[in-house]
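Summary of the model geometry
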Amino acid sequence: QVRLAESGGGLVQAGGSLRLSCAASGNIFSVDTMGWYRQAPGKQRSLVASITSGGVINYADSVKGRFTISRDNAKNTVYLQMNSLKPEDTAVYYCNADVMTVVLHTPLNYWGRGTQVTVSS
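The residue numbering used here restarts from 1 in each chain and proceeds along that chain's sequence as written. Totals for whole chains, interfaces and linings use all residues, but because this is a predicted model, local features are given only for residues with pLDDT of at least 70 and pairs of side-chain atoms are given and counted only at 80 or more. Side-chain numbers come from the whole structure's heavy atoms, not from hydrogens or water.

**Details of the pattern of salt bridges**
Whenever Lys or Arg places a side-chain nitrogen within 4 Å of a carboxyl oxygen from Asp or Glu, that contact is recorded as a salt bridge. Under the counting rule described, the total for this entry stands at 3 salt bridges. Between Asp 89 and Arg 38 there is a salt bridge, and its shortest N-O distance comes to 2.9 Å. Note that Asp 89 is positioned in the loop between β8 (77–82) and β9 (91–101) and Arg 38 in strand β4 (residues 28–39), a separation of 51 residues in sequence. Note on classification: 1.4 Å probe, protein chains only; a residue is buried when its accessible area is under 20% of the maximum for its type, exposed when over 50%, partly exposed between these limits. In this structure Asp 89 comes out as buried when scored by relative accessible area, which is 1%. Using a relative accessible area of 12% as the deciding quantity, one classes Arg 38 as buried. Linked by salt bridges that have partners in common, Arg 38, Arg 66 and Asp 89 make up one network. Helix and strand assignments follow DSSP, with helices taken as H or I runs no shorter than four residues and strands as E runs no shorter than two, numbered in order from the N terminus.

Rendered as structure tokens:
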């Protein structure tokens, strides 16, 4: 069993910053790609940023230059530093990870429960 626990969401004014964290726990053998997705009301869930275990990073065009993804492989934790936040960044942010467990030597995809980020204008 693998659990992704997110933290760090909240309410912030436009131009402000927030830092999200997501820690993977459970019977983990290895964690490959970790990432953040977001879903605003009435919209589909979409990729915000992702990072592989080797450090290859991908950002959505809408957050380039404002958000920074990083990870601590020893802690199986991924972070999302969000600066210069805009009202359109308001959404539920979900952590996602490809995890290989000790029992199943096949990577499976897992989701966190989500954390709300609200940016006021």
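**Structural notes on the pairing of strand β5 (residues 46–51)**
One face of the sheet, then the other: side chains in a regular strand alternate in exactly this way. Where β4 lies against β5, 5 bridges are found, and the strand directions are antiparallel. The residue bridging Trp 36 from the neighbouring strand is Ala 49, located in β5. Strands qualify as paired when DSSP identifies two bridges or more between them. Hairpin remark: β4 followed by β5, antiparallel, with 6 residues in the connecting loop; positive phi at Gly 42, about 80°. Looking at chain direction, β5 and strand β6 (residues 57–59) are connected through 3 bridges and run antiparallel. By the bridge assignment, Ala 49 is partnered in β6 with Tyr 59. Between the antiparallel neighbours β5 and β6 lie 5 residues, among them Gly 55 with a positive phi of about 95°.

**A look at the environment of Thr 90**
One can find Thr 90 in the loop between β8 and β9. Spatially, the C-alpha atoms of Thr 90 and Val 119 are 5.5 Å apart, while their sequence positions differ by 29 residues. Should any heavy atoms of two residues lie within 4.5 Å, those residues are considered in contact. Not counting the four nearest positions on each side in its chain, Thr 90 is found in contact with Ala 40, Gln 116, Val 117, Thr 118 and Val 119. Under this definition, polar contacts are N or O atom pairs within 3.5 Å; protein pairs additionally need one hydrogen-donor-capable and one acceptor-capable atom, and for neighbouring residues in sequence, both atoms have to be side-chain atoms. Within the structure, the side chain of Thr 90 is placed 2.9 Å from the backbone oxygen of Pro 87, a separation counted as a polar contact.

**Focus on the sheet that holds strand β3 (residues 18–26)**
Strand order in the open sheet formed by 4 strands is β1-β3-β8-β7, and the pairing between neighbours is antiparallel. The open sheet has two free edges, formed respectively by β1 (2–7) and β7 (67–72), since each of these has just one partner strand. Averaged over all pairs of adjacent strands, the angle between their axes in this sheet comes to 15°, without regard to strand direction. The pairing of β1 with β3 spans 6 bridges and is antiparallel. In the sheet register, Leu 4 faces β3, and the bridge partner there is Ala 24. Axis definition: a line fitted to C-alpha atoms, over the contacting stretch in the case of helices. Angles run 0 to 180 degrees between N-to-C directions.

**Here's the deal with the pairing of β9**
Burial analysis of β9 places 9 of its 11 residues in the buried class, the great majority of the element. Strand direction decides the pairing type here: β4 and β9, joined by 9 bridges, are antiparallel. Its bridge partner lying in β9, Ile 28 is registered against Thr 101. Pairing analysis gives 3 bridges linking β9 to strand β11 (residues 115–120), with the strands arranged antiparallel. Residue pairing in the sheet places Tyr 93 in a bridge with Thr 115 of β11. Pairing of β9 with strand β10 (residues 108–111) involves 4 bridges; the strand directions are antiparallel. Bridge pairing in β10 links Asp 98 to Asn 109.

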